[in-house]
Structure formats: structure tokens, C-alpha cells
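# Structure at a glance
Each chain is listed here by its residues.
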Amino acid sequence: MDGTPRDNDISKIVEADRAHIWHHLIQHKPFETNEPRIIVEGKDMRVWDQNGKEHIDGVSGGVWTVNVGYGRERIANAVRDQLLKLNYFAGAAGSVPGSIFAEKLIEKMPGLSRVYYCNSGSEANEKAFKMIRQIAHKRYGGKKNKILYRDRDYHGTTISTLSAGGQDERNAQYGPYTPGFIRVPHCLEYRAQWGLSGEEYGQRAADAIEEIILAEGPDTVGGLCLEPVTAGGGVITPPP
Ligand SMILES: Cc1ncc(COP(=O)(O)O)c(C=O)c1O
């Protein structure tokens, strides 16, 4: 386990990447003069790049998603076994692992009873927005369709999740956005908007959300979309 690629000529891989890959969340200009980084292999919490350089992965796959670590044989074997048994069938039908896992997940989510499987955070949030809109149509004549979102929070990369995006730098130049999304203030005490601190600041931030609901009309607001702890927007633990 040293990150040595199976293909001896890693330069071909680097060139193919440079020529054909459009990377996520990174500027490409520097790749004109520098190599893009290729992560070749991982074990536990370490990864190796194309030059065999070892890195400790303190960001869990770059976007906090590989919490189980790398090279987990038991997981790889379970995935392999299932791929051979049944690799895919559309979600209109059930599956054995889908059913077992849903039950386990629900045990950890008191008050909830159902799981909807999807492929990404963006897609999950799109689904939640659709639920809000569908409930608005079924029960409130379509009126209760507005979705509040918080300054600094991030919810994904599709047009509607960008419409709920509180990070203007990421949203720039993707408009027009989906209608009906309303921004509420952030609760980052370090950049406090109201000259308050601690509990008073937290209360003010909550009141600010209520003020917006009242201004918009509570009968028009169907949901509030928040990161419980804002991650990319500053790792913001909400005030007490
Ligand atoms: C809080 C939060 N929500 C949603 C997303 C979007 O998830 P995905 O990139 O899987 O679409 C992210 C991704 O970083 C996120 O951090």
C-alpha cells in the first residue's frame, strides 16, 4: 500500500485528466502549468497521490464523506457480493439491503418513518423541496410554497439547491433561480449583525427568522431549510 498506480505510466493518466476531466469545486487555470492532483489509493485515513506522496486525509474524501476511512475490506466484500447478486433495479420495487438498511436508519431518526434513497445531497434536498411544494398543492391550494433558507448555508449544486444557497460566490452567474426561496440571516456570532452575544444573539437570530415568516405571511411559508451546523459557510455551531 504505497499509492503506486497499476499503470506504470502515470503521466498518461495525468495528461488524460488534464485534457478531459472537468473537476468539481476547483479553478482549472493552475492546471495549465501544474499537474492536477490524482489520488491513487487510500488506506484507513491516509491517501497517496500520483507521485506516491502520502497525505493524512483530515477532510474525509475532500468533502467530509468518507467517514469510514479507506480500504475497508468488509465493506468492499459486502458491496461486491451485492453487485453480483443484484446490481440495480429501479426504486419502484424494493430490495433486500434497501429494506434492512431503511429499518436501521429509521431506528436512528426518532419521529420519522420512511426513507427515500437518492444519489446525492443535492438530490435529497430537491426531493424535500418537492415535498414542500406538493403538500402546498394538496393541502393549501398551492399557497404555502415558499422555502426559507439561511445566509451562509449550502445545500447543493442544482439550480433549486443553489436557489436555497446562502453562499453568493457559489451562486454567481447561475440565475435565474427557482422562484419562492427567501433568505433569512445567518447566526455566525463572530460576524454578529446585531451587536449581541451568546444566548441573546441566538435569540435574536431565531427572532429574525420569525420576523421574515411574519413579513412573508405564515400561510405562504412551507419550509425552512437549514444546515444544523453550517459547514462550508464557516463551520458555524449555532449559538445557544
Ligand atoms: C450541507 C450540505 N448539503 C448538501 C450538499 C450537497 O451534496 P452533494 O454534493 O452530494 O450534492 C452538501 C455538499 O457539500 C453539503 O455540505
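Everything here concerns the structure above.
The text that follows walks through the structure, step by step, so that each part is easy to find. (Residues numbered from 1 in each chain as written. Predicted model: local features only at pLDDT ≥ 70, side-chain atom pairs only at ≥ 80, totals over all residues. Heavy atoms only, no water.)

As a further point, take the site of the ligand. Taken together, the neighbourhood of the ligand is formed by Ser120, Gly121, Ser122, Asn125, Tyr154, His155, Gly156 and Glu227. In this structure, Ser122 approaches the ligand through a side-chain N or O atom, which is 2.5 Å from an oxygen atom. Between a nitrogen atom of the ligand and a main-chain N or O atom of Tyr154, the distance comes to 3.5 Å. Its free accessible area being 390 Å², the ligand has 65% of it covered by the protein chains. Residues belonging to the shell around the ligand are distributed by class as follows: 1 nonpolar, 6 polar and 1 charged. (Near = heavy atom within 4 Å. Polar contact = N/O pair within 3.5 Å; in protein donor to acceptor, adjacent residues only side chain to side chain. Areas by Shrake-Rupley, 256 points an atom, 1.4 Å probe, with all protein chains shown as cover. Nonpolar A, V, L, I, M, F, W, Y, C, P; charged D, E, K, R; others polar.)

When its volume is computed, the largest pocket comes out at roughly 880 Å³. Counting only elements with at least two residues in the lining of the largest pocket, the list comes to helix H3 (73-85) and helix H4 (96-107). Take the lining of the largest pocket: its biggest share by element is 6 residues, from H4. Residue classes in the lining of the largest pocket are distributed as 16 nonpolar, 9 polar and 1 charged. (1 Å grid on protein atoms, 1.4 Å probe; cavity = no way out; pocket = protein on both sides within 12 Å on 5 of 7 lines; lining within 4 Å. Points joined across faces, edges and corners; volume = space filled by probe spheres on them. Helix = DSSP H or I, 4+ residues; strand = E, 2+ residues; numbered from the N terminus.)

The subject of this paragraph is the pattern of salt bridges. Overall, the coordinates contain 10 salt bridges when judged by the stated rule. With its nearest N and O atoms 3.2 Å apart, the salt bridge here joins Glu32 to Lys29. According to the relative accessible area criterion, Glu32 is exposed, its value standing at 57%. On the basis of relative accessibility, which here comes to 59%, the residue Lys29 falls in the exposed class. A salt bridge links Glu216 to Lys146; the shortest N-O distance between them is 2.7 Å. Taken together, the residues Glu216 in helix H8 (residues 198-216) and Lys146 in strand S4 (residues 146-150) connect sequence positions 70 residues apart. (Salt bridge = Lys/Arg side-chain N within 4 Å of Asp/Glu carboxyl O. Buried < 20%, exposed > 50% of the residue type's maximum accessible area, 1.4 Å probe, protein only.)

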